[in-house]
Every structure is written in structure tokens, then in C-alpha cells.
Number of protein chains: 2
Amino acid sequence: MFPFPQLSAAEAAELIRPNEIVGVSGFTLAGYPKAVPQALAERTERLHANGEEFQITLFSGASTGDECDGALARAHAIHWRAPYQSNKNLRSAINCGEVHYTDAHLGMMGRLVRTGALPTPTTAIIEVTDVTADGKIRLSMSCGNSVEFLQRADRVILELNSLYGDALFGMHDCYLPELPPHASPIPVSQVLDRAGNDFVQIDPKKIVGVVRTNVGDSIRPFTEPDAISQTIAGHILEFLAHERKKGRLPANLPYQSGVGNVANAVLTAMARDSKQEPVSLFTEVIQEAVFELIQNDKLVGASGTALTCSSNAREYLKADANALKKKFILRAQEVSNHPEVIRRLGVISMNTALELDIFGNVNSSHVCGSSIMNGIGGAADFSRNALLGFFMTPSTAKDGTISAVVPYVSHVDHTDHETNIFVTEQGLADLRGLDPVSRARLIIDRCAHPAYRPQLNVFLNYSLNSAKGKHIPIALDRAFNMHLRFLSTGTMAE
Amino acid sequence: MFPFPQLSAAEAAELIRPNEIVGVSGFTLAGYPKAVPQALAERTERLHANGEEFQITLFSGASTGDECDGALARAHAIHWRAPYQSNKNLRSAINCGEVHYTDAHLGMMGRLVRTGALPTPTTAIIEVTDVTADGKIRLSMSCGNSVEFLQRADRVILELNSLYGDALFGMHDCYLPELPPHASPIPVSQVLDRAGNDFVQIDPKKIVGVVRTNVGDSIRPFTEPDAISQTIAGHILEFLAHERKKGRLPANLPYQSGVGNVANAVLTAMARDSKQEPVSLFTEVIQEAVFELIQNDKLVGASGTALTCSSNAREYLKADANALKKKFILRAQEVSNHPEVIRRLGVISMNTALELDIFGNVNSSHVCGSSIMNGIGGAADFSRNALLGFFMTPSTAKDGTISAVVPYVSHVDHTDHETNIFVTEQGLADLRGLDPVSRARLIIDRCAHPAYRPQLNVFLNYSLNSAKGKHIPIALDRAFNMHLRFLSTGTMAE
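Throughout, residues of each chain are indexed from 1 in the direction in which the sequence is written. Numbering of ligands from 1 and lettering of chains from A proceed in the order in which they are written. Per-residue local features are limited, in this predicted model, to residues with pLDDT of at least 70; the limit for side-chain atom pairs, both in listing and counting, is 80 or more; totals at the level of whole chains, interfaces and linings are taken over all residues. Side-chain metrics rest on all non-hydrogen atoms present in the structure, leaving aside hydrogens and water.

Formally: UniProt positions are given in the numbering used here, feature names are shortened, and annotations may be inferred rather than shown by experiment.
The name given to chain A in an unreviewed UniProt entry is Acetyl-CoA hydrolase/succinyl-CoA:acetate CoA-transferase, with the source organism recorded as Hallerella porci. Turning to chain A, the UniProt annotation filed under Sequence similarities (unreviewed entry) states: "Belongs to the acetyl-CoA hydrolase/transferase family."

Here you go:
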């Protein structure tokens, strides 16, 4: 009936070899393995206590929960991590130089593995909701890079999670684009188009262990948007209405909505606006705000690579799974984040920035240029190919000691060549077609916090006088002065 | 027979209205209008001499020749220019702040116009080789954004160039991708696949004038690659052979080759290598080195948006046009540079960098962060979506006073998230999968000129000690010290 070895998490963890490359399921805390990584962390601690060396390389879809990234980081079990994380212990380990980290575009990771640009995981640890004797695997709350890892790894360990029953069956589309030189177009031209099977077929002989689990993803409940996020959302919705009125924005383009409070606030505002037409999402992570859209009859459909649900939302989903799951598709992140499909669909992207500069560059990954926050994620997959793209952030952070608008970002993730619209609670700057000096004046005026506008204007005027070229008048000798002041005094304010 | 008003260049130039947005043909000195822009420059000078104001906005495919960009810049006729230029007078006008310049990804420009993100040209001035009474237009040496401008402009002025006869008929593929929300896949899966007609159909009533010309593009003859370019080409070919041997690179992937000496040197080296299999090009500009590939039976086919020929190569092409043009397709730059097709085909990209930094970022557009050189061009369209991407440059410039390898690039065009391989005449650094510190050590060791390695190592060690985070240990207080030294002393050397 069930021909695979049933193992305890500890037994499965014993199968992992030192220095092995392990590919795990999981994307932004959705659908990651929980039991085996924790057992592997315990095993590592025991080995280290005995003076034995033991580390692995960990590849994933994106971030995983504390039971995986956190536990393994605390056990010093990770030598190399790619392509994304959001765990405080792992972040610290990367930023003190203990863990090697490859911060990659999420839509590229699977392709990098499949083409050999990155090494292939030898063991895959994947959370699933079903496996058949002939090797048909049904995934849980994310698709991520699980298809690639399942197909490519020599050995597969499954965490068979009984929490979902058959509620998620049929929600996934496990298609992967063919590889060059024999690739053909990706057959997705509408948000809910399907291109493949809802299961992953693998050679069942590769399944070396099945560990039974029954725990959900550790996702915090949805919180009401705060006033600043609501104000930012208001600016965006007002601008979208304005662009439609001007005839510059076709109706019914799908939205991509980054992870975080501000993006959730935009969806929530749409859900609560009685005049809002139903929307489509073609995004990376389908966040919990989608359920309010559904309850208010404002969702046409949502495509992503992960669905993040707190326990409440999970129960809601399970209770009405057959109706709800027709609205969702979870795809491989190579497809959810693929430029081909994003351009074809004309996605409107909305991503959170860590800092914006006056010339139009965006930092979404590094604090003061050197400390990783999470990673670039899929922001550039979307913003570079969107029909219209927003970068949004509160204008200040840490009680006003940090200005999100700076003379020059300390790390460039999105260049001035491709950014469109900047939004803070102060206002919105439409950068399209503007030269750098015009951009600088508009961003300072519309997006910077009033407390920081004087020093940004002083920088711009100094630069206009002193920079060798006036195309992008950036005075390199003062470009990072606000960051340097923060590093030495704890505030960017003068 | 020929129902369109035949005008002199001066008469056509009189049709242009002040402050009009004019869209011209032309891509990297191929197929740009020559007579009308020069006449417009003369008219502008006369108007200015009389104290009258007159300027236009100039949109193009990419750079145009001195008869267009140069003449109009010298006449102070350009208020706003997009998306690319390479003319010394226009460059100066941009860098002194006289001309507003939008430096855009070339693959995006047509889409920005078609979706209304940029304004639509009201008059198009297009060099053609034929026009029929019912409005079928055949383009000359480039496709660029001519299809978009011809279709969208209210009025069309044609420069009917008799130099080519019917030699270019059938070489173009004038297909444009549909726009969202009704777009479908671009039907190009092989280099020589055709998707549309070889002519552009427009409403003949829009043609307000035809100016007859008989002059070729001002392109300098091909020069033999210098020793440094040959060395860089050698590193690249050796690496490609190594990757094929390792099984990481399928045979027969097409190449994109940027504009310039180094890229030409790579193609020349392929043409002269007796063991080289025939290659395909899926590129932006088909440069003259392609003819040596053809003569040595090493070209399967070449797709681009422009074909740059000096007068010698032009005569060669015309003499054997029927055979040769089966090897070429000129597409709209929205297609030649489209991520969808570039990823599908698995293009190997090779682009020139202005500077590279030790953490993996590339500057291809701005000197010391502030002065535009040409623009980003199509480099990011290709490098971001290539299966394997090279950035290449001599390790020093200006007699060794400038190091191409710096602590931090003064403008970021290509981020550390997507760059693959750096090459100088010193050597090659494969950055794939490396964390930032490992990248820094490798780039200094392999790519930097020996004269600059000590100060780059001093920076890296200082940064490792002083930067707050060790993920990208960048000391912001010294990040631009090499540039600042160059600006104040004329050399980056200590």
C-alpha cells in the first residue's frame, strides 16, 4: 500500500550527510519542512558538542520558518544559504560572516540549479499533503522550487502533513518551463491559466523516507493596517484611478503585491472600497488579505507560488476548500516570477523599499550597504517587467532617526533605469520620463519627510555645483553622509 | 503612381512644430534619417539667430549619426532626448544640463510609448528603402522603434534612400508583441523564426512628405582587434569550452554581443578558430564582424534590431544580397531585446562594462557617477535574462590612470544579484553562487590590474574591520575614494 520507509524526524535527519546540499520546500514561511530540520539541528548540536564537524548547504524557495532557518542557524548547521531568508538568527549569522549567503532573484533560482550555474541539491526535504506509490506528490502551501528539487535530487525525504487533508488537492500547477535550446513559450496568458499537472511525478525509488507531521506554518495573524500604510495605500489607489481616467491604464490588469504591511494595506483598501471592481492577483506570495477580497466578492483569481495563512485563515480555507481553491493557483516560482508571463499579463507591481534615493534607485535588501535584511526576493522579477511599478515605504523609520529617502542608496537593487513610481505617506512621485534632476526635486518634494527635506536639498544644490557632470549630479564625497551620520550618532538627522 | 508629396529636406524640416515630439528611425548609427534632421538643425539655427525659440523632443531606437544627434545638438534644437545616444556634442549638452535625457532600457522604450508611460511622438521621421501607394513601408538598416513610431505618430516623413535598391527587402520582421491585457506568447523560439511581415503597414494618408536620399550610414570601417581585446576574447572562449566540457552549457546557444571592440574581438576570434562550430547570434546590433563569420562558414543565422555596415561591408552585402539576407532578421527592439525570447533561447550575453566593483556590481553608463557616457542601452535586457552573461573591459583606462575595478561602482546598472562572469585582460572571475566576500577576493585577484590590487585589498580589509555588517563589507566612508582621487588628481593611483 505505502511502500516508503516511514521514519521519525530524527531517523530522517540521520540520513543527511556532512556538507550535503539540501533543497527544501517553503516560500515565505509557507509549506516549509518543520520536523526534519529541527531534528537535524538537534543532531548537529550533538555532533558539535562531541567536537565533530557538521554543516550543510541549504537551498529553498525563499524564507522558511524558525523551525527550519532559525533552528539550523542556532545550531550552526548552515555553511551556505540561498536564495532568501527572513529569520533573525540566520540574518545575524550571515551578517557576522559565519554563513555564506547568495542573495538571488527568486525567479532565477530554479533555473540556476537546473542549468548547473548553482550545484544541484542531492537531498530534497519537501512538505507534502499526499504521495502515491508510483511517485505522484502533492505539495502543501507553496510550490517554490519544490518541483526542481524533487526532480533533480538523488534522494527525497517527505514530510507528509495530514493537517490539510485533501483541501489543497488541485490547487498547484507544477509546470516548469523547458530549458534552452529546446524551450517553447510558457502557455500562461491569463492569471488562472494552467500549464501542467497538479502533482509532481518523480521516481518513487528516490523516496528514502516519509515523516508524518500535523503542524501548520508559523504565520502570525493578519493585523489591521496602521495609519501610515493606509495613507500609502490611498495614494496608490488614487493614482491608479487617475491613470485609468487618463486612458493610460487598461482595466483588469493583475496586481503583484509584495510581502508586508503596506502591500496588505493596499489589498485591504481595495477589499473595503465599494466602488472597487473585482481584481486579479499575479503575484509571488498570496497574503492573507486575499480572504477579505474573497469575502467581499472582489477577487477574480489569484496566482502565486505561496499562500500564507495564519491558523484562522487556514481553518477558513479548509472549511470551504472546494469553492475557494478554484480561485487560487500555486505555481513554481520560475513561472510565478517569470519575466515572460509578467510582461505578457501587464502586471502592476507594488513592492516595499528599504530606502529610495533622490535619483530613482531603490535599496530593498541591505542596511547601510553591508547588513542583509532579508534579500532582494522577487521584487526585481516583477518591477523590471511590470506595466506599472510602485515602490513604497514609510518616509522614516526607527522613530524618525532614519530617512527612507537618501541622497544615494547604500545598495542598489533596482536602478534608476526601471523604477516608475515612489510612494511614502507624504505623497507619490511619478518618475516616468523624468531626467535625474527633475526626479530629485520631485522625490524630495513629494516623498521625503519634511524633517529631512532641507538636508536633501542642500545635498542636491551642493551636487549641482560640484559634480563633474550635471546629468546625475551626485557629489560622491557626500553621497553617503546621511548613512555615515547614522552609523556614528544613531540618527540621520542633523 | 506615387501619391505622396515629394519634398526637399528643407521643406520637410519646415513641417516640424516647436516643442513637438519627434520619433526617428535609427539604432546605433544604423538606418537613421540624415537629410531632414540636418535641415531641421539649419532651420533651428536660423530661428535662434532671429531670437525665436525652437526646440523638439527626440525619441529614437538608440543612437543616431552625427547628421542627426550631432547636428541637432549643435543647433541647440533638442529639449528632451530618449532613450540612448553616443554623440560627443549631444553628450556634452546632456552633461552640462542643457538637454534633458531619459536613459532607458532599450527593450522597454517602445512599450513605454505604446502604453502611454512616455508621450507618443506626433511626427515620425523614418529612413526607408521603399513605400507603396497603399502605405506598405520597408525599413533600412535598422528596425529599432520605427514600427511603433510609424503606427502611432499622426504624421510621417519618410527619407526614401535609394542606396540599397531592393537589397534589404525581406530582411525585416516587423512584428510587435500585443499589449496587455490581451497579449499572447511571442512566436519566436529559434533565432531565425519570423512572426510578422517584412513591411510596416500604415495609413498612407499620414505620409506628409517623402524626401529622396542616397547616402549610407556613417559607420567607420572595422578595425582589427587590439591585443587586449584579443586576450579578453581568449579568456571568454576558453571559459565557454570549459563549461561545455563540464556539461553545464548546451551546444548551440545563441550569442548576444554588445557594441564595441571587445565584443567584435570575440566574434572575430570565433570566425578564425578552425575548431569553432557555426554560431547563431540573437543580439541587438549585428556588427560587421558577422561578415567574417559568414565568409568562414561559421554563421547559422543572426537576429538583431540593427545591422551596422561601413561602406565596404555595405557593398559586400549588396553584391550578394539574396544569399546573405537569408541569414539575417532585423526585428523591432521590443522583440530583439525581450526577456521572454532571451530567456527562451538561452542567450549567452557579452557586454562591455565601464567599471566593475569588487562585490559584483557593474556600471555601464556614467563616468564618476555623474557624466553620461552613452546610456545603459540593451545590456540589462540581455544580461538579466541570459543563460550565461559576461561583462568585459580592459582592467585600466586612460593610460592606467583609471582602474576599471573599483571598491564600489559610481553608478549601478547591473546589480550583484544578476551578474555572472567578469573578464578583463588580466583574467576571468566566475561569480555564480559566491557570497560577496568571496567575490571580492576573486575579482581583485583575477580581474584587477596588478597596480591596483594593493589598494583594493586595503579597502577590502578596512571594510571587513569597519563595516557594520560583514555580508557585503563595504566601508561607506571610503567607497568612492578611488573616484575622488581621480577627480582631484587625475589618477586613481596612490
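### What about the overall build of chain A?
Threshold: A run of DSSP states H or I qualifies as a helix once it reaches four residues; a run of E qualifies as a strand once it reaches two. Both are numbered from the N-terminal end. With a 1.4 Å probe rolled over the protein chains alone, any residue whose accessible area is under 20% of its type maximum counts as buried; one over 50% counts as exposed, and the rest are partly exposed. In this analysis, two residues are considered to be in contact whenever any of their non-hydrogen atoms come within 4.5 Å of each other. Methods summary: accessible areas were calculated by the Shrake-Rupley approach with a probe of 1.4 Å, and residue burial reflects only the protein chains presented.
A count of helical and extended segments in chain A gives 17 helices and 27 strands. Reported as C-alpha extents along the three principal axes, the dimensions of chain A are approximately 75 × 55 × 45 Å. Looking at chain A as a whole, 66% of its 494 residues qualify as buried. When contacts within chain A are restricted to residue pairs at least 6 apart in sequence, long-range pairs at least 24 apart make up 73% of them. For chain A, the computed accessible surface area is about 16,200 Å², with 50% contributed by carbon and sulfur atoms.

### Considering the interface of chain A and chain B
Stated precisely, the cut-off is as follows: A 1.4 Å probe defines the accessible area here, and the buried area is the portion of it lost by two parts on being joined, summed over both. One side-chain nitrogen of Lys or Arg within 4 Å of one carboxyl oxygen of Asp or Glu is enough to make a salt bridge. Counting of polar contacts relies on pairs of N or O atoms within 3.5 Å, with two restrictions inside protein: one atom must be capable of donating a hydrogen and the other of accepting it, and residues adjacent in sequence are counted only when both atoms are side-chain atoms.
Contacts between chain A and chain B engage 80 residues on the former and 80 residues on the latter. Both faces combined, the contact of chain A with chain B buries some 6,400 Å², and carbon together with sulfur accounts for 57% of it. Ranking the residues of chain A by area buried against chain B places Arg343, His417 and Leu476 of chain A at the top, with a combined share of 12%. Close ionic contact of Asp381 of chain A with Arg384 of chain B constitutes a salt bridge, the shortest N to O distance being 2.9 Å. Where chain A meets chain B, there are 30 residue pairs in polar contact (both at pLDDT 80 or more).

### With respect to the pairing of strand S22 (residues 388-392) of chain A
Consecutive residues of a regular strand have side chains that alternate between opposite faces of the sheet. All names here are of chain A. To be explicit about the condition: Each pair of strands is called paired provided DSSP finds at least two bridges between the two strands.
For S22, the buried fraction is high: five of the five residues fall into the buried class. Burial along S22 is two-sided: the face carrying Leu388, Phe390 and Met392 and the face carrying Gly389 and Phe391 are both buried. In terms of strand pairing, S22 meets strand S26 (residues 421-424) through three bridges, oriented parallel. Residue pairing in the sheet places Phe391 in a bridge with Phe422 of S26.

### Some details on the relation of the copies chain A and chain B
The following threshold applies: C-alpha atoms of residues with pLDDT of at least 70 in both copies form the basis for the least-squares superposition of the copies.
Overlay of chain A on chain B (RMSD 0.0 Å): rotation 180 degrees, translation along the axis 0.0 Å. What the rotation and shift describe, once combined, is the action of a two-fold rotation axis. The C-alpha atom lying nearest the rotation axis in chain A is that of Glu340 of chain A; the distance is 2.1 Å. Interface overlap between copies: 100% of the residues of chain A at the interface are likewise at the interface in chain B, consistent with a symmetric, same-surface contact.

### Looking at the domain arrangement of chain A
Residue and element names in this part refer to chain A. Under the convention used in this document: Domain segmentation is taken from an automatic or database assignment of domains.
As assigned here, chain A comprises domain 1 (9-213) and domain 2 (227-489). A C-alpha centroid distance of 28 Å is found between domain 1 and domain 2. In this complex, domain 1 contributes 48 residues to the contact, which on the side of domain 2 involves 50 residues. At the boundary of domain 1 with domain 2, total buried surface from both sides reaches about 3,800 Å², with 60% on carbon and sulfur atoms.

### Side note on the packing of aromatic side chains
As a reminder of what qualifies: Only rings of Phe, Tyr and Trp enter the pairing, Trp through its six-membered ring, and a pair is recorded when the two centres are within 6.5 Å. The plane angle decides the type: under 30 degrees is stacked, over 60 is edge-to-face, the rest tilted.
This model, assessed by the stated rule, comprises 13 aromatic pairs over all chains. On the basis of an interplanar angle of 10 degrees and a centroid distance of 5.4 Å, the ring pair of Phe480 of chain A and Phe480 of chain B is categorised as stacked. Placement of the pair is Phe480 of chain A in the loop between helix H16 (453-466) and helix H17 (481-489) and Phe480 of chain B in the loop between helix H16 (453-466) and helix H17 (481-489), with the two residues belonging to separate chains. As far as the burial class goes, Phe480 of chain A and Phe480 of chain B line up, both buried. Taking 5.4 Å as the distance between ring centres and 85 degrees as the angle between the ring planes, the aromatic pair formed by Phe291 of chain B and Tyr316 of chain B counts as edge-to-face. Taken together, the residues Phe291 of chain B in helix H9 (residues 289-295) and Tyr316 of chain B in helix H10 (residues 311-319) connect sequence positions 25 residues apart.

### What to know about the nonpolar core
All names here are of chain A. For clarity, the threshold we go by: Residue types Ala, Val, Leu, Ile, Met, Phe, Trp, Tyr and Cys, when buried and joined through side-chain atoms within 4.5 Å, form a set referred to as a nonpolar core.
Counting residues in hydrophobic clusters, the biggest one holds 118 residues, and the most contacted among them are Ile137, Leu158, Leu317, Phe328 and Phe390. Looking at which element gives the most residues to this core, the answer is helix H8 (residues 261-272), with seven residues. There are two domains that each give this core at least three residues, and those are domain 1 (9-213) and domain 2 (227-489). Discounting residues that sit within four places of it in the chain, Phe390 has contacts with Ile236, Phe239, Leu240, Ile348, Ser349, Met350, Asn351, Ile421, Val423 and Leu428.

### A look at the sheet that holds strand S19 (residues 362-363) of chain B
All names here are of chain B. Across the sheet, which stays open at both edges, the three strands sit in the order S19-S18-S25 with mixed pairing between neighbours. Every other strand in the sheet has two partners, leaving S19 and strand S25 (405-406) as the edge strands with one partner each. Bridge count between strand S18 (residues 355-357) and S19: two bridges; the pairing is antiparallel. Bridge pairing in S19 links Glu355 to Asn363.

### Things to note about the packing of helix H7 (residues 227-245) of chain B against helix H8 (residues 261-272) of chain B
All names here are of chain B. Stated formally: For helices, the fitted line uses only the C-alpha atoms of the stretch in contact; every axis is such a line through C-alpha atoms, and the angle between N-to-C directions lies from 0 to 180 degrees. Geometric relationships in this document are graded by angle, where less than 35 degrees denotes roughly parallel, more than 145 denotes roughly antiparallel, 65 to 115 denotes roughly perpendicular, and other angles denote oblique. Each crossing gets its handedness from the near helix: less than a right angle anticlockwise from the far helix is left-handed, clockwise is right-handed. All residues other than Ala, Val, Leu, Ile, Met, Phe, Trp, Tyr, Cys, Pro, Asp, Glu, Lys and Arg, Gly among them, are scored as polar; the first ten of these are nonpolar and the last four charged.
Running from amino to carboxyl end, H7 crosses H8 at an angle of 60 degrees, the nearest separation of the two axes being 8 Å. In terms of orientation, H7 and H8 fall into the oblique class. As for the relative orientation of H7 and H8, their crossing is right-handed in sense. The segment H7 lies against H8, with Ser229, Gln230, Ile232, Ala233, Ile236 and Leu237 engaging Asn261, Val262, Ala265, Val266, Ala269 and Met270. Across the contact of H7 with H8, the residue classes break down as nine nonpolar, three polar and no charged.

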